[in-house]
Amino acid sequence: MLKTFSAILMFLGAALMAQPSSGRFDQGSKVFRLDGGQVSYAFGVNARGELQQLYWGARLGATDRVPAAVSRREWASFDSSYNNTPQEFAGWGAGLFAEPALKVTFADGNRDLVLHYLSHTETADGFDVVLKDISREVYVTLHYAMDPESGILARSATIQNREAQPVTVEQAAAAAWSLPAARYTLNYLTGRWAGEWTLTQEAVHPGARVIESRRGSTGHQANPWFAIAAGAPEQMQEQHGDVWFGALAWSGSWRITVEQDQLEQVRVTGGFNPFDFGYVLHPQESLETPVFYGGYSGNGLGGASRLLQHFELTHILPHAAAGGAPKPRPVIYNSWEATEFRVNEAGQMALAEKAAALGIDRFVMDDGWFGQRKDDHAGLGDWYVNKEKFPNGLKPLIDKVHGLGMSFGLWVEPEMVNPDSDLYRLHPDWVLSFPGRPRSEQRNQLVLNLARPEVRAYLLSFLDKLLSENDIAFLKWDYNRNWSEPGWDQLPAAEQKRVYVEYTRNLYSILAELERKHPKVEFESCSGGGGRVDLGILRYADEVWPSDNTDPFDRLTQQDGFTYAYTPQIMMAWVTDSPHWLNRRATSLSYRMLSSMQGSLGIGANIANWTAEETALAKRLIAAYRQVQPTIVQGDLYRLISPRQGSEFSATQTVNADKSQSVFFAFIHSTQEGHTFPQLKLQGLDPAGEYALSAIEGKAGQGTPAEASGAWWMNHGLDMDEGFRGDFQAVAFRLDRK
Ligand code: DGJ
């Protein structure tokens, strides 16, 4: 009897742990419900026929019934029910003042659009719900797909014109997410070149906070990610509390609007940036929006980022094993900071020898190898090997790199052209521009109009040739300016704004085609640092370059911000020279190594100048890193002490999936008034497991046990050595379960 009972309990326990995702539609109440991981999401059709959000949060009981949608009442004659009702995808019409999900102009001048439920189909992991305007032939299919493991919901829309005349889409979101009236804190990532990834936190106020890029690409200034946490900014907790988050998978101009309405309800609407937008849909044509992913965690911002990071590893990134994550990144060497444009065969071979001696996996030659590229004034667009620098082509260098046991990677910037180039002299009309208007140069370069089929064909053919003729394992795909004068004068005036959609689509399609033809080649998305990091490009890019700022201290806060939205797997982090070129800050090699070891490690210093001691130290730490890299880049990340706001100390910890290993890093900015580093209470371990402590770099405090339970390390914590003081100090440890 007892045996049967415990078997039932085990069965129930297993069923609860697996928590499969399910999409259910209740015909009677017209309620759609999606469950996945620890999350439920529900919406329904109200009496008017609008699709109305009903619930988004912690998973509801399996037998709970979400009541039917009842539209919000008219608050006053100034605030209509249509406006107050949290619609899933509101058309601009019927007196909507809130941010619309869709705004169109019909050929006869009508601009009123009211979308009502028409039909739906169940899909493998959710629903496709069709809405239609109350009288016109505009159809919108809303796609909902919930990940069974994380409860992250992928939402997008397909807008179709079945009218006899064209319809111009002036604004198209992927989704709108609603939260009930309460106090919230908005978290988002802001920055600039060499200063990306600042976590910005502010109370959600009445009115709209717009986070966006009008730049034609993702941009450094803001990143298409948000997290809204319950409570005021001063109550933010890393490990506790309700957090709703989202990330837009689009690498063109984008906008996320976080709006608190007059009833204090919150609506987050995101998709194509409506600024300068206008997509003409001819009869029967459709427009597909990007995907807007949304998730919920009851475990604070830390819990939210762990969910999103894991989702990226298993559902977004290329080269993942079936149902799993991609392999940890190779440890790379990159030539940029060492040689800049002054690359040549002998110099790169010498660096490659040094790199191999350090235990590097991949040697990457950066800018300068092609065309007449001596500096940033010439050469972009001319993707032939510079014969002065490489008289025998790239083969001798690639062979040398292979002979040293490393794979070879190369820098390209395909979407750009210098006016001083053969390509521009041949095709001056290929750049984004308006006829008769100046062409604004930035870094002496112009942007090719990749929306044009012939430009797409040129890029694809030179990249395919480069990869076919050379044994290249990796391309660093750079993009070093934003758009200006975004004209496309080969199209009729009314159609030219298609560039905002077609450019990015062609970028994705080139990457997809290259990956199909050269499945082993890996890509990095770089845009003068972190200017093109988003879930759209990450379907093709195996890694990103988070910032041109490689100062190891600045990187701590950048890496902290970055990991709220993205996995450390893709976060390339090079160790470069000291004093650093940007801040003139001098730091030890050990500090620089540990800062970079928090992400996917690379070396970008001029290793030709390293002393024997420096080489030995780097070699030892690269070897130590390799042993724990999967835990660091794919484990659960806990931010133990934040480096933000000028913190004297900071610390991070990662724990692998089966909790058998944990790695943690601690950094001191500058010891003040003799403060001791705080006792470090670890997280996420198995309390009953027995873990052995070992130092990767540094010493633990006197009396620290060599082995103790997870409960000990989490509750008592670890004391640092008394000598762990000073400016720019770092230590790292690992715990291994016995
Ligand atoms: C900008 C990148 O972020 C750098 O790493 C380097 O590749 C330069 N471009 C090369 O021009």
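Residues numbered from 1 in each chain as written. Predicted model: local features only at pLDDT ≥ 70, side-chain atom pairs only at ≥ 80, totals over all residues. Heavy atoms only, no water.

Draft legend 1. A look at the overall build of the protein. What the protein contains, in helices and strands, is 13 helices and 36 strands. Taking 27 Å as the expected radius of gyration for a compact globule of 738 residues, we find that the protein reaches 27 Å, a close match to that expectation. Considered along the principal axes of its C-alpha atoms, the protein spans approximately 80 × 75 × 50 Å. A burial count over the protein gives 61% of its 738 residues as buried. Sequence separation of 24 or more characterises 68% of the internal contacts of the protein that already satisfy a separation of 6 or more. Accessible surface, the protein: about 27,700 Å² in total, of which carbon and sulfur atoms supply 54%. When the 67 basic and 86 acidic side-chain charges of the protein are each reduced to a single mean position, those positions are 1 Å apart. (Helix = DSSP H or I, 4+ residues; strand = E, 2+ residues; numbered from the N terminus. Rg over C-alpha atoms; globule rule 2.2 N^0.38 Å. Buried < 20%, exposed > 50% of the residue type's maximum accessible area, 1.4 Å probe, protein only. Contact = heavy atoms within 4.5 Å. Areas by Shrake-Rupley, 256 points an atom, 1.4 Å probe, with all protein chains shown as cover. Lys, Arg positive; Asp, Glu negative; His and termini not counted. Charge placed at Lys NZ, Arg CZ, Asp CG, Glu CD.)

Draft legend 2. Expanded view of a nonpolar patch on the surface. On the surface, Trp 193, Trp 581 and Leu 582 cluster together into a nonpolar patch covering about 300 Å² of accessible area. Secondary-structure assignment places Leu 582 in the loop between strand E29 (572–575) and helix H11 (589–596). (Patch = residues over 30% accessible without salt bridge, like charges linked within 9 Å, V, L, I, M, F, W, Y side chains within 5 Å. Salt bridge = Lys/Arg side-chain N within 4 Å of Asp/Glu carboxyl O.)

Draft legend 3. Just the packing of aromatic side chains, in detail. Following the criterion strictly, the structure yields 45 aromatic pairs and no others. Ring centres of Tyr 41 and Tyr 144 lie 6.4 Å apart, and the angle between their planes is 45 degrees; on these two criteria the pair is classed as tilted. You can see Tyr 41 sitting in strand E3 (residues 39–45) and its partner Tyr 144 sitting in strand E8 (residues 138–146), a full 103 residues away along the chain. The exposure class assigned to Tyr 41 is buried, which follows from its relative accessible area of 1%. A ring pair is formed by Tyr 333 and Phe 363, whose centres lie 5.6 Å apart and whose planes are at 20 degrees; its orientation type is stacked. You can see Tyr 333 sitting in strand E21 (residues 332–334) and its partner Phe 363 sitting in strand E22 (residues 362–365), a full 30 residues away along the chain. According to the relative accessible area criterion, Tyr 333 is buried, its value standing at 0%. (Phe/Tyr/Trp six-rings, centres within 6.5 Å; stacked < 30°, edge-to-face > 60°.)

Draft legend 4. Spotlight on the sheet that holds strand E35 (residues 707–709). The sheet built from 6 strands is open, its strands ordered E31-E32-E33-E36-E34-E35 with antiparallel pairing. Two strands in the sheet have a free side with no partner beyond their single neighbour: strand E31 (636–641) and E35. Pairwise comparison of adjacent strand axes, ignoring direction, gives a mean angle of 25 degrees for this sheet. The pairing of strand E34 (residues 690–697) with E35 spans 3 bridges and is classified as antiparallel. From the neighbouring strand, Ala 692 faces E35, where its bridge partner is Glu 707. Along the sheet, helix H10 (residues 552–565) makes contact with E31, strand E32 (649–655), strand E33 (661–670) and strand E36 (727–737), crossing E31 at roughly 130 degrees. (Pairing = 2+ DSSP bridges. Axes fitted to C-alpha atoms, helices over the stretch in contact; angles between N-to-C directions.)

Draft legend 5. Representation of the site of the ligand. Around the ligand, the surrounding shell holds 14 residues, and the nearest of these are Asp 366, Asp 367, Lys 476, Asp 478 and Asp 548. Between an oxygen atom of the ligand and a side-chain N or O atom of Arg 443, the distance comes to 3.0 Å. Contacts to the ligand include Gly 529, whose backbone N or O atom sits 3.1 Å from an oxygen atom. The fraction of the free accessible surface of the ligand (290 Å²) that becomes covered by protein chains is 98%. When atoms are counted within 2 Å of each cavity's grid points, the one that captures over half of the ligand is the second largest pocket. Here the shell around the ligand is built from residues that sort into 5 nonpolar, 3 polar and 6 charged. (Near = heavy atom within 4 Å. Polar contact = N/O pair within 3.5 Å; in protein donor to acceptor, adjacent residues only side chain to side chain. 1 Å grid on protein atoms, 1.4 Å probe; cavity = no way out; pocket = protein on both sides within 12 Å on 5 of 7 lines; lining within 4 Å. Sits in = over half its atoms within 2 Å of the grid points. Nonpolar A, V, L, I, M, F, W, Y, C, P; charged D, E, K, R; others polar.)

Draft legend 6. View of empty space enclosed by the protein. Under the definition given, this model contains 7 cavities of 30 Å³ or more. Quantified by volume, the largest cavity comes out at close to 180 Å³. For the lining of the largest cavity, the secondary structure elements donating two or more residues are H10, E31, E32 and E33. Ranked by the residues each element gives to the lining of the largest cavity, the list is headed by E32, at 5 residues. (Points joined across faces, edges and corners; volume = space filled by probe spheres on them.)

Draft legend 7. How the structure looks around unusual backbone geometry. Cis rather than trans, the peptide bond between Ser 578 and Pro 579 has omega equal to -5 degrees. On the secondary structure map, Pro 579 appears in the loop between E29 and H11. With a phi angle near 60 degrees, His 319 is a residue other than glycine that sits in the positive phi range. Along the chain, His 319 falls in the loop between helix H3 (300–316) and E21.

Draft legend 8. Geometry of the sheet that holds strand E2 (residues 31–36). The strand order across the open sheet formed by 4 strands is E1-E2-E3-E4, and the pairing between neighbours is antiparallel. The sheet is open, and its two edges are formed by strand E1 (22–26) and strand E4 (51–58), each paired on a single side. Averaged over neighbouring strand pairs, the angle between their axes works out to 15 degrees when direction is ignored. Relative to E2, E1 runs antiparallel, the two sharing 5 bridges. Within the sheet, the bridge partner assigned to Asp 26 lies in E2 and is Val 31.

Draft legend 9. Looking closely at the environment of Tyr 55. Mapped onto the secondary structure, Tyr 55 falls in strand E4. Its relative accessible area of 25% is what places Tyr 55 among the partly exposed residues. Sequence separation of Tyr 55 and Ser 40 is 15 residues, and the distance between their C-alpha atoms is 7.3 Å. Residues within four places of Tyr 55 in sequence aside, it is in contact with Ser 40, Tyr 41, Ala 42 and Leu 60.

Draft legend 10. Local environment of the nonpolar core. Judged by nonpolar contacts, the single largest core of 185 residues is most densely connected at Leu 102, Trp 369, Leu 538, Met 593 and Ile 603. Residue contacts for Met 593: discarding those within four places in its chain leaves Val 575, Leu 601, Ile 603, Ala 618, Leu 621 and Ile 622. Phe 664, Tyr 691, Trp 713 and Leu 718 belong to the second largest nonpolar core, which has 23 residues in total. (Core = buried A, V, L, I, M, F, W, Y, C linked by side-chain atoms within 4.5 Å.)

Draft legend 11. Representation of the layout of surface pockets in the model. Computed from the structure, the second largest pocket encloses a volume of approximately 590 Å³. Trp 193, Trp 336, Arg 443, Asp 548 and Trp 581 are, among the 34 residues lining the second largest pocket, the residues nearest its centre. Classifying every residue of the lining of the second largest pocket by side-chain character gives 9 nonpolar, 12 polar and 13 charged.

Draft legend 12. The arrangement of the pairing of E2 in detail. Buried residues dominate E2, accounting for 6 of its 6 residues. Both faces of E2 are covered, namely the face carrying Val 31, Arg 33 and Asp 35 and the face carrying Phe 32, Leu 34 and Gly 36. Relative to E3, E2 runs antiparallel, the two sharing 6 bridges. Residue pairing for E3: Phe 32 is matched across the bridge by Phe 43. Here E2 folds back onto E3, and the loop between the two strands holds 2 residues, one of which, Gly 37, carries a positive phi near 55 degrees.

Draft legend 13. The confidence of the model for the protein, seen in detail. In the predicted model, the protein carries a mean pLDDT of 96, and 97% of its residues have values of at least 70. Confidence drops under a pLDDT of 50 for residues 1–19, and excluding neighbours within four residues, the segment shows 5 contacts in the predicted structure. (pLDDT = per-residue confidence, 0-100.)

Draft legend 14. Molecular detail of H11. The element H11 is largely enclosed, with a buried count of 8 among its 8 residues. Every buried residue of H11 is listed here: Leu 589, Ser 590, Tyr 591, Arg 592, Met 593, Leu 594, Ser 595 and Ser 596.

Draft legend 15. Geometry of the pairing of strand E11 (residues 184–190). Burial within E11 is extensive, with 6 of its 7 residues counted as buried. One ladder, built from 6 bridges, connects E11 with strand E12 (residues 198–203); its direction is antiparallel. Bridging from a neighbouring strand, Asn 187 pairs with Gln 201 of E12.

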